[in-house]
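Residue-level structural notes
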Amino acid sequence: MTDADAVSVRVVARFRPFNEKEVALNMSTNVYKFIGDECVNVNGKTYVFDKIFREQATQEEVYNCAAKPIVADILNGYNGTIFAYGQTSSGKTHTMEGVLGDPDWQGIIPRIVDDIFNYIFSMEENVEFHIKVSYFEIYMERIRDLLDTTKTNLPIHEDKARVPYVKGVTERFVGSPEEIMDVISEGKQNRAVSVTNMNEHSSRSHSVFQLSISQVNMESQQKLNGKLYLVDLAGSEKVSKTQAAGMTLDEAKNINKSLSSLGNVIAALSEGQSHIPYRDSKMTRVLQESLGGNARTTIVICASPSPYNESETKSTLLFGTRAKTIQNTVSVNVELTADEWRARYEKEVEKNKRLKLLLSKCDKELQRWRAGETVSEEDQTRVQGSDESGLKASSTGFDLSPSPSTASISNLLGVSNASEADRVAFVKERDSLYKALDDKDDEINKQSQALERLKNELDDEKQVRTL
């Protein structure tokens with residue numbers, strides 16, 4: 001990876017038009033007042049976002065602002081995430097998917113697929129691309145593969161860089177926009193939806209469409225890898241409004257629980273807490289890199305204009321306000337060539353020489369102070385600004401405060417000056433517990449797969465007996 005840059009999570013807000021139910025209930029008076037293109041006022045409180053789309057905004061306008069800039073980022077080796085958040089029936093699926101195949105009404109996902117391939121076709125011929133996709137949903141806190149319905153409880157593991165990934169999910173190589181749209185259509189048929197009092201086609205799960213692009217420059221042999229997560233979250237629900245019952249009620253409870261976990265992660269990140277509760281739900285584990293990690297993230301918050309949904313609208317706007325304060329640390333996912341590794345090594349050698357020289361000067365100055373000499377200000381060794389090594393200048397010399405990771409470990413241990421041995425033991429124990437969780441996930445997944453096979457065999461046997 002290259003040097004990292006800090007970027008803020010982008011948040012855009014979209015207000016849908018009034019629906020038939022709100023008009024029938026005589027609830028078609030706006031609860032908000034727009035102030036320009038970036039501010040909206042709801043009952044005296046002003047919320048500021050990167051962009052606000054009014055009811056008449058077209059699908060193309062939303063895409064050009066919220067998603068199109070990420071296309072170039074992905075093909076330049078960055079990770080990206082776009083997800084829609086809001087209450088049920090607020091227009092999230094319409095924003096992310098829209099009407100597939102309709103040039104005017106299609107949403108972000110089909111448009112970004114077309115743009116990615118248009119961008120690839122316009123690039124140099126000496127670059128070779130490999131594109132693969134996966135599509136899964138998080139239903140009742142279980143990860144289900146939408147391209148292989150026998151995989152019903154996939155585990156989340158972490159790679160060597162501690163980045164979470166869904167183990168065992170189906171990955172398909174694609175070579176055209178049409179092939180990707182076929183995959184999306186196949187996955188949509190397997191996604192859990194239901195009828196509620198608020199939405200005739202209510203999503204009962206969070207869906208995640210992942211697109212991975214690897215490219216190799218055949219001349220320089222440089223390799224870039226970019227990942228794009230396109231997420232359609234299920235909406236938060238009030239049972240009193242949706243009239244959910246039975247299985248639909250259980251689904252609503254799980255949806256609200258995972259969205260609450262997402263809100264807790266957003267709050268912890270916005271407040272700068274040392275512990276971020278990513279592991280509280282499957283959805284927050286999947287979005288770990290997107291929130292506070294290595295990804296350029298855009299959140300589209302979708303809201304209703306009606307007084308009937310005023311409390312939910314305020315909650316959505318507050319979520320977006322908090323998310324806007326999150327800083328991600330992004331870097332290009334590049335696999336260095338031999339020459340680049342050699343150049344980086346030589347650069348580190350030069351930096352090491354400079355630091356050794358600086359350390360020698362500091363040691364000599366320290367010996368003079370200990371010998372009782374007074375070192376004039378002109379002879380004192382100082383670091384001007386922030387050196388490459390991470391040493392920082394301060395009025396009293398070098399900044400020897402613990403790094404953020406060390407400080408957070410000390411906080412978790414409950415002490416302010418934990419010893420190095422304690423910190424090493426803590427990290428070792430934490431890694432051991434994480435591995436145990438991953439192993440348990442694998443065991444549960446195997447049992448779930450076996451149970452699914454037995455159910456299918458039982459259904460087949462019942463059908464044979466009825467013949």
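Owing to the predicted nature of the structure, the values given are computational and were not obtained by experimental measurement.

**Structural notes on the nonpolar core**
Core analysis: the biggest nonpolar cluster contains 45 residues, and F15, V40, F49, Y85, I299 and I301 have the highest contact counts within it. Top contributing element to this core by residue count: helix α8 (residues 247–270), with 6 residues. When sequence neighbours within four positions are dropped, the list of residues in contact with I301 reads V11, V12, A13, R14, F49, Y85, T316, L317, F319 and G320.

**So, the pairing of strand β8 (residues 127–139)**
Across the 13 residues of β8, 10 count as buried, placing the element largely inside the fold. Judged from the 12 bridges that link them, β8 and strand β15 (residues 206–217) form a sheet pairing that is antiparallel. Across the sheet, residue F129 finds its bridge partner in β15, namely Q215. Two strands pair when backbone bridges link them, and β8 and strand β12 (residues 172–174) are joined in this way by 3 bridges, in the antiparallel orientation. If you follow I131 over to β12, its bridge partner there is V174. Between the end of β8 and the start of strand β9 (residues 142–145), which pair antiparallel, lie 2 residues, with M140 showing a positive phi angle near 55 degrees.

**Re the confidence of the model for the chain**
Mean pLDDT over the chain works out to 82, with 84% of the residues at or above the 70 mark. Predicted confidence is poor over residues 194–202, with pLDDT under 50, and the contacts of this stretch with residues over four places away or in other chains come to 29 contacts. Across residues 385–407, confidence stays below pLDDT 50; counting only partners more than four residues off in sequence or on other chains, it has 23 contacts.

**Focus: the sheet that holds strand β3 (residues 32–35)**
The antiparallel open sheet is built from 3 strands, whose spatial order is β3-β4-β5. Two strands in the sheet have a free side with no partner beyond their single neighbour: β3 and β5 (45–48). With direction set aside, neighbouring strand axes in the sheet form an average angle of 25 degrees. Pairing between strand β4 (residues 39–42) and β5: 4 bridges, direction antiparallel. Looking across to β5, one finds that V40 is bridged to Y47.

**Structural notes on the packing of helix α2 (residues 59–66) against helix α5 (residues 108–121)**
One way to put it is that α2 packs onto α5 with a least axis distance of 10 Å and a crossing angle of 60 degrees. Here α2 is positioned oblique relative to α5, judged by the angle of their axes. The chirality of how α2 crosses α5 is right-handed. Between α2, through Q59, E60 and Y63, and α5, the contact on the second element is made entirely by I108, R111, I112 and D115. Taken together, the residues that form the contact of α2 with α5 break down as 3 nonpolar, 1 polar and 3 charged.

**Concerning the pairing of β3**
What you see with β3 is a clean split: Y32 and F34 sit on the buried side and K33 and I35 on the side with no burial. Taken together, the 4 bridges between β3 and β4 define a ladder with antiparallel strand orientation. What sits directly across from K33, in β4, is N41. Linking β3 back to β4 in an antiparallel pair, the connection comprises 3 residues, with G36 at a positive phi of about 75 degrees.

Calculation notes
- Here the residue numbers are simple positions, counted from 1 along each chain's written sequence.
- With the structure being a predicted model, the display of local features is reserved for residues of pLDDT at least 70 and the display and counting of side-chain atom pairs for 80 or more, all residues being used for whole-chain, interface and lining totals.
- No hydrogens and no water enter the side-chain calculation; it runs on all heavy atoms of the structure.
- Joining through side-chain atoms within 4.5 Å is the link that ties buried Ala, Val, Leu, Ile, Met, Phe, Trp, Tyr and Cys residues into a set, and such a set is a nonpolar core.
- Only protein chains enter the accessibility calculation, which uses a 1.4 Å probe. A residue is then buried if its area is under 20% of the maximum for its type, exposed if over 50%, and partly exposed in between.
- Helix and strand assignments follow DSSP, with helices taken as H or I runs no shorter than four residues and strands as E runs no shorter than two, numbered in order from the N terminus.
- We call two residues in contact when some of their heavy atoms are within 4.5 Å.
- Pairing between strands is defined by DSSP: at least two bridges between them are needed.
- What pLDDT reports is the predictor's confidence in each residue, on a scale of 0 through 100.
- Helix axes use the C-alpha atoms of the stretch in contact, all axes being lines fitted to C-alpha atoms, and the angles between their N-to-C directions lie in the range 0 to 180 degrees.
- Note that the term roughly parallel is reserved for angles under 35 degrees, roughly antiparallel for angles over 145, roughly perpendicular for angles of 65 to 115, and oblique for everything else.
- By convention the crossing between two helices is left-handed if the near helix lies anticlockwise of the far one by an angle smaller than a right angle, and right-handed if it lies clockwise.
- Residues are grouped as follows: Ala, Val, Leu, Ile, Met, Phe, Trp, Tyr, Cys and Pro are nonpolar; Asp, Glu, Lys and Arg are charged; all remaining types, including Gly, are polar.

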